[in-house]
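The residues making up each chain are set out below.
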Amino acid sequence: MRQSLWLLSLGVSMFASVVQAAPYMIVGNDEKLVWDDQGKPVLSPAGRDSVLIIDLALQLRLPVMGT
């Protein structure tokens, strides 16, 4: 019984070290609200919003994965 539990824990720890999540940052840009020259808020029409998916593991090049 102890040997089977030991083998099970060994297998789980080996599998857990292989499975890793990539460090992504998801950024949402809501561009509906802008301000006019008098400082009053003006709502823009829908459709200008965007989402960036940034791979934080890429340090030497532009890390944006998609928009």
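Conventions we followed
Think of each chain on its own: its residues are numbered from 1, step by step along the sequence as written. The predicted nature of this model means local features are confined to residues of pLDDT at least 70 and side-chain atom pairs, given and counted, to a pLDDT of 80 or more, with totals for whole chains, interfaces and linings taken over all residues. Side-chain calculation: all heavy atoms of the structure are included, whereas hydrogens and water are not. Within this document, salt bridges are pairs made up of a side-chain nitrogen of Lys or Arg and a carboxyl oxygen of Asp or Glu, the two lying within 4 Å of each other. For every residue, the accessible area (1.4 Å probe, protein chains only) is compared with the maximum for its type, and the residue is labelled buried under 20%, exposed over 50%, or partly exposed between those bounds. Helix numbering and strand numbering both begin at the N terminus, where a helix is a DSSP run of H or I of at least 4 residues and a strand a DSSP run of E of at least 2.

Peer 1: Quick one: what's the story with the pattern of salt bridges, residue by residue and with numbers?
Peer 2: Taken as a whole and judged by the stated rule, the model has two salt bridges. Residue Lys 32 pairs with Asp 30 through a salt bridge whose shortest N-O separation is 3.6 Å. Of the residues examined, Lys 32 reaches a relative accessible area of 30% and is grouped as partly exposed. The closest approach of N and O atoms between Lys 32 and Asp 49, which form a salt bridge, is 2.4 Å. With Lys 32 in the loop between strand S1 (24-29) and strand S2 (33-35) and Asp 49 in the loop between strand S3 (41-43) and strand S4 (50-55), the pair connects residues that are 17 residues apart, well separated along the chain. Salt bridges linked by common partners bring Asp 30, Lys 32 and Asp 49 together as one network.

What is shown is where atoms sit, not what they do.
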